[in-house]
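Coordinate inspection notes
In case you want the letters, here they are:
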Amino acid sequence: MWGLGGAGLAAVIAALVLVFTGGGGPSGPHAPTQGSPPRTPFAFSSAKVRVTGLSGTPSAALAAGVAEQVRNRLSGFYDAGFMDPTTWAKGLPPSIWQAFTAEAAQRAESDPLSLTMGRRPGLQRLIVTEADLTLNVLFDPKKHPQAVIASVTFAATGPVSGGSLLSVRNNSQFLFEAVGSRWLVAGFPEASVKVDVVPAPSPTPVPAPSGSAGATRTP
Amino acid sequence: MNRARGTRRIGTAVAVLVAVALAAAVAGGMSTPGQPLPAQAAASPIEIHAVHGSSFVPALEGKRPLFILALGSDARPGQPVAGERSDSIHLIGIDVKDHRATVLGFPRDSWVSIPGHGTSKINDAMAFGGPPLMVRTIEDLTGIRIDFWLLASFTGLIHMVDDVGGVTVNVPYPMHDVYSGANFHAGRQHLNGGQALALARNRHDTPRGDFSRSENQGLLMKSALTKLRRQFTDSPVVLFTWIVALWRNVQTDLSPATLLGLALTATQIPTSRVKNLVVPGTTGTVGTASVVFISGSARSIYADMRRDGVVG
């Protein structure tokens, strides 16, 4: 459903370079302990926020507050669903669906691989190559936030034991509604996850300089 | 969007080719067609292109059907929209459980009993008591309890249609009517707000006068639903555009939260599962007034619709 266009391929290649040159690895307090995959906590660093009001101009501060809650909720969801090595090894934690209303959670649990990467044994590391979040907040005439539609594009790539390379791409649209004081996923009009695991390409031979026939170098 | 999807498909195809080529080149060497891959590659637990996709939209739920009365006022500029007659009267029944619906139109000249006002043309009910009296009139006539009402003016309809970028309608027959301004060839065509209003108002150049007009108003609603569903599939956030277009151009007793729920529900109802009917009747006169006498067979339509929101 979601193929890799030229830009996607370029991102994968760039990430591949990072992965195999050791760049982009974890650092600081979340650096891996020996023998376990590295933990790279994930959060959407920002979100584009668009506001729609049924009448009048809604408060920007209120919109920002809602957006922040939704951004945090989705950051936690993507961290657990894609980036957490514990999930790669043991599968999704049941707590991941706490970001959803009961009805939406029931539907999501029946098809978790449309929303998350799920269990990925052998995955050694994952580097995010794309994480875009756009939030549309709908306000009612009393200027109360009514609903949020969040559009997410997420892509990551990393090496799998045995020399393969995994790349994952997710495009989702989430409908958020306020349940009490919490903003929860009430629906997902679109959710797709595409995972590719292919053998990592070997380094490309560079033609030898003239005068040294037969010799090759690798970068 | 089609182009975008086409681009994605091309992208996918390219990615598949690249991946397969990589797999063949790296794991097994470039094999020629018809030759088996080396055993090592064939046994390799390589997953290529696992794609999962799903969707879930929280539609309204319930054991009983939902009924909405959609009204169009014939108020001219400067007149109170809810204080004039309603020339467009449609009862929309929704089977929320099975995602089906029926749009039942009432000819504006239908000769009916109006609570507290004796017998009169049905469109007088709104002039006598606004949308609430029209609701009571239809409830008494059909035995169906109405949950919500919506009322649009001429300009409201024009703006609403324009706000969502127009609608594509399969016009059933040519129309050339100077009164309404309807000037259409038969077939699919894109209508702006003014053209949509002309289609909805034309009763002179139609096969069955006001019956056909009412049917064409239902057709317009179905065309709008088709567009909403298509746009929602392409980009769910378009739902907010539709909600705003409706909210700003109609009067209603719907709350914003219920409107959101209804809009989400509408996205889950295929247009093919929406029946567009007009109450059967015959034309006649009462005094000097031209009226429609609703047929006795309408009672079975009401009973059918009362049960689950739909006819048939």
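What counts and how
- Residues numbered from 1 in each chain as written.
- Chains lettered and ligands numbered in written order.
- Predicted model: local features only at pLDDT ≥ 70, side-chain atom pairs only at ≥ 80, totals over all residues.
- Heavy atoms only, no water.
- pLDDT = per-residue confidence, 0-100.
- Contact = heavy atoms within 4.5 Å.
- Pairing = 2+ DSSP bridges.
- Helix = DSSP H or I, 4+ residues; strand = E, 2+ residues; numbered from the N terminus.
- Axes fitted to C-alpha atoms, helices over the stretch in contact; angles between N-to-C directions.
- Buried < 20%, exposed > 50% of the residue type's maximum accessible area, 1.4 Å probe, protein only.
- Polar contact = N/O pair within 3.5 Å; in protein donor to acceptor, adjacent residues only side chain to side chain.

**Overview of the confidence of the model for chain A**
Residue and element names in this part refer to chain A. Residues of chain A with pLDDT of at least 70 account for 75%, and the chain-wide mean is 80. Contacts for the low-pLDDT stretch residues 1-33, under 50 throughout, to residues beyond four places or in other chains number 55 contacts. A low-confidence stretch, residues 209-219 stays under pLDDT 50, and its non-local contacts, those more than four residues away or across chains, total 5 contacts.

**Topic: the sheet that holds strand β4 (residues 164-179) of chain A**
Pairing within the open sheet is mixed, and its 6 strands lie in the order β1(A)-β2(A)-β3(A)-β4(A)-β5(A)-β1(B). Unpaired on one side and paired on the other, β1 (48-53) of chain A together with β1 (50-56) of chain B mark the two borders of the sheet. Averaged over all pairs of adjacent strands, the angle between strand axes in this sheet comes to 10°, irrespective of strand direction. Bridging between strand β2 (residues 127-139) of chain A and strand β3 (residues 145-160) of chain A involves 12 bridges; their strand directions are antiparallel. Residue pairing for β3 of chain A: F139 of chain A is matched across the bridge by P145 of chain A. Against the sheet, helix α4 (residues 102-109) of chain A makes contact with β5 (182-199) of chain A together with β1 of chain B, and its axis sits at roughly 15° relative to β5 of chain A, the strand it touches most.

**Concerning the side chain of S54 of chain B**
Within the secondary structure layout, S54 of chain B lies in strand β1. For S54 of chain B, a relative accessible area of 19% gives the class buried. Side chain to side chain, S54 of chain B and D111 of chain A meet in a polar contact 3.4 Å long. Among residues more than four places away in sequence, those in contact with S54 of chain B are D111, S114, F188, P189, E190 and A191 of chain A.

**What about the sheet that holds strand β12 (residues 250-252) of chain B?**
Residue and element names in this part refer to chain B. Pairing is mixed in the open sheet, where 6 strands are placed in the order β12-β7-β2-β3-β4-β13. The open sheet terminates on both sides in strands that have one partner only, identified here as β12 and β13 (274-278). Across the sheet, the axes of successive neighbouring strands diverge by a mean angle of 20°, strand direction being ignored. As paired strands, strand β3 (residues 86-95) and strand β4 (residues 100-105) are joined by 6 bridges and run antiparallel to one another. Residue H90 lies in a different strand from β4, and its bridge partner there is G105.

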